[in-house]
Amino acid sequence: MVEPRMRAGALVGAAVGAALTAVLWAASEAARLTFPPYDLFDWMARALPGGLVTFGIDSMVTVIRALGAEAATVAKTAELTLAIGIFIVGATLAGAALFWALRRVPPERRPWAGGVGGLLLAVPFVLAALLLRRGGADDVLWTLAAFAGWGVAVGWAQRRLARSPRTGAATAPREEPGVVVLDRRRFMVKLGGSAAVITVAGAAVGAFASSRRREVEGVAWSARNRLPNEGADVEPVAGTRPELTPLDMHYRIDINARPLEVSGEDWRLRIDGLVDRPMTLTLEDLRAYPPTDQFVTLACISNRIAGSLTSTTRWTGVPLMRVLDDAGLRPDATHLRIRSIDGFHETLDLAVPREDERVMLTYAWDGLPLRPRHGFPLRIYIPDRYGMKQPKWIDSIEAIAEWEPGYWVRRGWDREARMKATSVIDAVATDMMLTEMEGGMTVPVGGIAHAGARGISRVEVSVDGGPWQAARLREPLSETTWVLWRYDWPFQEGDHTFAVRCFDGDGTPQIAERTPVRPDGATGIHSTQVML
Ligand SMILES: Nc1nc2c(c(=O)[nH]1)N[C@H]1C(S)=C(S)[C@@H](COP(=O)(O)O)O[C@H]1N2
Ligand SMILES: [Mo]
């Protein structure tokens, strides 16, 4: 027997692997079945050292940003690309390994032996899904079946490519070596073509199903109401980011490749631990409390200076203490252990909600139920803290007597995660040049400044390292949102460097020293160069 090379196995494994990916994706979109590449990736992201995962994602972010993708979705796109990339690499290696292993199997049994190989390959994916508590028996069966299908196809190809030295080929009728090579090549091309057709078809079905699934939702609050600062005298400079982020543009960061889809009807919030009256609440129960609203700027602790992982919307929910009072906290309760359906968790010192009634269990954003990717049905709002302290998809709150590290704190991030003051230049609007009364020209420069819940008292701009000049501040949506600022710069021809700094509510300047995002949030002055 002249066996095909492992290299051929790698090719076959990759091609059939691409088809498998597309079929799995189509099924996950159309039939809500699990998507194994994400299961393994998400499990790895939780189990591997945080630094390694961050490095992988960061590198991918750099690549995708270079390709010019939409900033707010870059991080997720990077993860997904990485997850699918790892999957295809795995299929390639597995294909090579399978081609090698099948040499010991009689030719007629190779497709079935390949199927067994596929089942083995499925094991880590099934385990990952089980460990993440994702999906049920149907997901497990589907995963096993799909991977077995991959294995059968690879085994069949291996047999087809193998030939006996005596007849020259297992299937080719003639013995000349050239004919055999041609037959093998033709077979590979056909196999690749079929795999490509399946891949494209699967991708199309998946894309169609996911576009169909987008539910019709109501009209956002902001489409029905005026913003509280409407008519504020400082106008945003053209090119400044929207003051209220459209929901579709709100950044998203979490430990799941695909957002959790929780059924609002089956969901319950469990409140227990050191309370007198443990409670199990439905979404309706929570909505029955008098609601409160707050305009909030949320930011990820991984947001770099001038990064896009920060957004503003209107949060609606019930003050946390209002609900906890009904549960009756015992005197020995000092902290809350807040747990999410995806395994994420954080600890909240009870002093925080006791002192700040803005801490709220949030069920609506911009007047609509939270979107799945932003934590439907329930998330928490804690003013002045980065997103890592604020779980989405909450299903359990337990009163405890001790602090314990949360998900990211365990992985080396800051325990307090208090938002750093930061200011960003969004626009130097050279196309909006204005002629002033005195005859000079000005160019509007604008952007945002934010210091958690501490407010912004002052923003200053420096041009070419010159003196810091006060910018004008637009009245913000609330004391917990970013502030839009504007500086009308007396125009001068040439290339210029603009820098911005801010001061929080009590006059503390933002930290000018450049530090990285890890462990407690980036600091540093944002500057930008403009050629005029
Ligand atoms: N359950 C859960 N909640 C979570 C996270 C998560 O991974 N799982 N990530 C946190 C982080 S790091 C951030 S920055 C915010 C982001 O919220 P958003 O995606 O709605 O913008 O969610 C937080 N809440
Ligand atoms: Mo984050």
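Scroll up a little and you will see the structure.
Residues numbered from 1 in each chain as written. Chains lettered and ligands numbered in written order. Predicted model: local features only at pLDDT ≥ 70, side-chain atom pairs only at ≥ 80, totals over all residues. Heavy atoms only, no water.

Undergrad: Sorry if this is basic, but what is going on with the sheet that holds strand β10 (residues 394–400) here?
TA: Taken in spatial order, the 5 strands make up an open sheet running β2-β1-β10-β5-β6, and their pairing is mixed. Every other strand in the sheet has two partners, leaving β2 (279–281) and β6 (345–349) as the edge strands with one partner each. Across the sheet, the mean angle from the axis of one strand to that of its neighbour is 15°, orientation sign disregarded. Sheet analysis places strand β5 (residues 335–340) next to β6, joined by 5 bridges and oriented antiparallel. Note that in β6 the partner of Arg337 across the bridge is Thr347. (Pairing = 2+ DSSP bridges. Helix = DSSP H or I, 4+ residues; strand = E, 2+ residues; numbered from the N terminus. Axes fitted to C-alpha atoms, helices over the stretch in contact; angles between N-to-C directions.)

Undergrad: Sorry, what's going on with the environment of Ile397 here?
TA: For Ile397, the position within the fold is in strand β10. Owing to a relative accessible area of 1%, Ile397 belongs among the buried residues under this scheme. With 127 residues separating them along the chain, Ile397 and Arg270 place their C-alpha atoms 6.2 Å apart. (Buried < 20%, exposed > 50% of the residue type's maximum accessible area, 1.4 Å probe, protein only.)

Undergrad: Any chance you could explain the layout of surface pockets here in plain terms?
TA: One water molecule sets the probe size; rolling that probe over the atoms shows where empty space is left. Estimates place the volume of the second largest pocket at around 910 Å³. Along its surface, the second largest pocket is lined by 42 residues, and Ile253, Asp254, Cys300, Ser302 and Leu309 are the ones closest to its centre. Every element with two or more residues in the lining of the second largest pocket is listed here: α3 (50–66) and α4 (74–101). Examining the composition of the lining of the second largest pocket, we find that 7 residues originate from one element, α3, more than from any other. Residue composition of the lining of the second largest pocket, by class: 22 nonpolar, 11 polar and 9 charged. (1 Å grid on protein atoms, 1.4 Å probe; cavity = no way out; pocket = protein on both sides within 12 Å on 5 of 7 lines; lining within 4 Å. Points joined across faces, edges and corners; volume = space filled by probe spheres on them. Nonpolar A, V, L, I, M, F, W, Y, C, P; charged D, E, K, R; others polar.)

Undergrad: Help me understand the packing of helix α2 (residues 36–47) against α4, please; the structure alone is not making it clear to me.
TA: Angle between the axes and distance between the axes: these two values describe a pair of packed helices. As a packed pair, α2 and α4 sit with axes 9 Å apart at the nearest point and diverge in direction by 110°. As judged from the angle between their axes, α2 and α4 are roughly perpendicular. On α4, the residues touching Pro37, Tyr38, Phe41 and Met44 of α2 are Glu79, Leu80, Leu82, Ala83, Ile86 and Phe87. Across the contact of α2 with α4, the residue classes break down as 9 nonpolar, no polar and 1 charged. (Parallel < 35°, antiparallel > 145°, perpendicular 65-115°, else oblique. Contact = heavy atoms within 4.5 Å.)

Undergrad: Would you explain the packing of aromatic side chains in this entry?
TA: The geometry of two aromatic rings is summed up by the distance between their centres and the angle between their planes. Tallied over the entire structure, the rule returns 12 aromatic pairs. Between Phe87 and Phe125, the aromatic rings sit 5.4 Å apart at their centres with planes inclined by 80°, giving edge-to-face as the arrangement. Residue Phe87 is found in helix α4, and its partner Phe125 is found in helix α5 (residues 110–131); the two are separated by 38 residues along the sequence. Residue Phe87 is classed as buried on the basis of its relative accessible area, which comes to 6%. Through a chain of ring-to-ring contacts, three or more aromatic side chains come together here, namely Phe87, Phe125 and Phe147. (Phe/Tyr/Trp six-rings, centres within 6.5 Å; stacked < 30°, edge-to-face > 60°.)

Undergrad: Explain the side chain of Asp139 here, please?
TA: As for its position among the elements, Asp139 is in helix α6 (residues 137–161). Put simply, Asp139 is tucked away with no salt bridge, and the nearest opposite charge, on Arg258, sits 8.6 Å away. A polar contact of 2.7 Å, which involves the side chain of Asp139, links it to the backbone nitrogen of Thr34. (Lys, Arg positive; Asp, Glu negative; His and termini not counted. Salt bridge = Lys/Arg side-chain N within 4 Å of Asp/Glu carboxyl O. Polar contact = N/O pair within 3.5 Å; in protein donor to acceptor, adjacent residues only side chain to side chain.)

Undergrad: Is there a simple way to explain the site of ligand 1 in this structure?
TA: Near ligand 1 you find 21 residues, and of these Tyr251, Asp342, His374, Arg379 and Lys392 are the closest. A distance of 2.8 Å separates an oxygen atom of ligand 1 from a polar backbone atom of Tyr251. One nitrogen or oxygen atom from the main chain of Ile255 is found 2.8 Å from an oxygen atom belonging to ligand 1. Contact with the protein chains covers 99% of the free accessible surface of ligand 1, which is 530 Å². For ligand 1, the cavity whose grid points lie within 2 Å of the majority of its atoms is the second largest pocket. Class assignment of the residues belonging to the shell around ligand 1 gives a composition of 11 nonpolar, 5 polar and 5 charged. (Near = heavy atom within 4 Å. Areas by Shrake-Rupley, 256 points an atom, 1.4 Å probe, with all protein chains shown as cover. Sits in = over half its atoms within 2 Å of the grid points.)

Undergrad: Looking at this structure, how should I read empty space enclosed by the protein?
TA: Applying the stated criterion to the full structure yields 4 cavities of 30 Å³ or more. Of the volumes computed, that of the largest cavity is approximately 200 Å³. Ala299, Asn303, Tyr386, Lys420 and Thr422 are the residues nearest the centre of the largest cavity, which is lined by 20 residues in total. Across the lining of the largest cavity, the residue classes tally to 11 nonpolar, 7 polar and 2 charged.

Undergrad: What am I meant to see in a nonpolar patch on the surface here?
TA: Taken together, the side chains of Trp43, Val116, Leu120, Val123, Leu127, Leu130 and Leu131 make up a nonpolar region of the molecular surface, amounting to roughly 670 Å² of accessible area. Looking at the element boundaries, Leu120 is found in helix α5. (Patch = residues over 30% accessible without salt bridge, like charges linked within 9 Å, V, L, I, M, F, W, Y side chains within 5 Å.)

What is shown is where atoms sit, not what they do.
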